[in-house]
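Fold and contact review
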Amino acid sequence: MFQILSVQSKDEQKRLARECGALYQPRCPAYALYLEDRFCGLCQFAIGAGAGEIVTLDAVPGFAGDADGDAEQYLAALCRTALSFLEEIGIPQARYAGAEKSRRLMLLSGFSEREGVWTADLGVLFSHCSSELWKTK
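Residues numbered from 1 in each chain as written. Predicted model: local features only at pLDDT ≥ 70, side-chain atom pairs only at ≥ 80, totals over all residues. Heavy atoms only, no water.

Regarding the overall build of the protein chain
Here is the rule we go by: Helical segments are the DSSP runs of H or I of at least four residues, strand segments are the runs of E of at least two, and each set is numbered from the N terminus. Within these notes, the globule rule equals 2.2 Å times the number of residues to the 0.38 power, and the radius of gyration is based on C-alpha atoms. Each residue is placed in one exposure class: buried if its accessible area under a 1.4 Å probe, protein chains only, is under 20% of its type's maximum, exposed if it is over 50%, and partly exposed if it falls in between. Here, residues are in contact when the closest pair of their heavy atoms is within 4.5 Å. Computed with the Shrake-Rupley method and a 1.4 Å probe, the accessible areas treat only the protein chains shown as cover for residues.
Looking only at helices and strands, the protein chain features 4 helices and 9 strands. Seen in sequence order, the protein chain has helices and strands lined up from the N terminus as β-α-β-β-β-β-β-α-β-α-β-β-α. In summary, the protein chain has a C-alpha radius of gyration of 14 Å against a globular reference of 14 Å for 137 residues, a match within 12%. Principal axes of the C-alpha set define a box for the protein chain whose edges measure 45 × 30 × 30 Å. A buried classification covers 42% of the 137 residues belonging to the protein chain. Counted over contacts in the protein chain with a minimum sequence separation of 6, partners at least 24 positions apart contribute 58%. Accessible surface computed for the protein chain: about 7600 Å², of which carbon and sulfur atoms make up 53%.

Here it is as structure tokens:
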């Protein structure tokens, strides 16, 4: 079983980033991926005016996934959690600004490549479960 949890303290985020070999981003909130209670990956993201940005999306060295999915599938779920949060708070667009990742991971995460930039229209990405469906009138 896997879990994706929000990182609750900057000290924890700094430690987890170090475990992934990622640069700690103190201005960013983060989500952590756990597989069978073992830390496996981190996604740090920024919230801007009208747009979000995935700043890092990294697994711990040697993480390959398990029988239920490979590392890229798990990282995509981690990234989509951050994107879903952005959509829920009303951010319409996001882009990927982290280290280069495989095309497969970017597509699994919900990004499209436009002129060399990976972007996601969050309203379209989450149209089947948009936060708008949960708002009362």
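Observations concerning the sheet that holds strand 3 (residues 38-47)
Note the cut-off: By definition, two strands form a pair when at least two bridges between them are found by DSSP. Inter-axis angles, ranging from 0 to 180 degrees, are taken between N-to-C directions of lines fitted to C-alpha atoms, where helices are fitted over the stretch in contact.
With respect to topology, 7 strands assemble into an open sheet ordered 1-2-3-4-7-9-8, the strand pairing being mixed. Because the sheet does not close on itself, it has two edges, and the strands there are strand 1 (2-6) and strand 8 (112-114). Averaged over all pairs of adjacent strands, the angle between their axes in this sheet comes to 30°, without regard to strand direction. With 4 bridges joining them, strand 4 (residues 51-59) and strand 7 (residues 93-96) adopt parallel strand pairing. Paired with Glu 53 across the bridge in strand 7 is Arg 95. Sheet strands touched by helix 1 (residues 10-20): strand 2 (30-35), strand 3 and strand 4. Its angle to strand 3, the strand with the most contacts, is close to 115°. Against the sheet, helix 2 (residues 71-88) touches strand 1, strand 2, strand 3, strand 4 and strand 7, its axis set at about 35° to strand 3.

Notes on the nonpolar core
Generally speaking, a soluble globular protein has its nonpolar side chains buried in company with each other. So the rule is basically this: In this description, a nonpolar core means a group of buried Ala, Val, Leu, Ile, Met, Phe, Trp, Tyr and Cys residues linked to one another through side-chain atoms lying within 4.5 Å.
Counting 40 residues, the largest nonpolar core has Leu 42, Ile 54, Leu 57, Leu 83, Phe 111 and Leu 122 as the members making the most contacts within it. A total of 9 residues in this core trace back to one element, the largest contributor, which is helix 2. Apart from the residues within four sequence positions on either side, Leu 83 is in contact with Ile 54, Ala 94, Ser 109, Phe 111, Leu 122, Leu 125 and Phe 126.

Concerning the environment of Cys 28
Note on placement: Cys 28 falls in the loop between helix 1 and strand 2. The class for Cys 28 is buried, based on a relative accessible area of 0%. Measuring from C-alpha to C-alpha, the distance between Cys 28 and Gln 13 comes to 9.5 Å, with 15 residues separating the pair along the chain. Those residues in contact with Cys 28, other than ones at most four positions away along the chain, are Lys 10, Gln 13, Gln 44, Phe 45, Ala 46 and Val 55.

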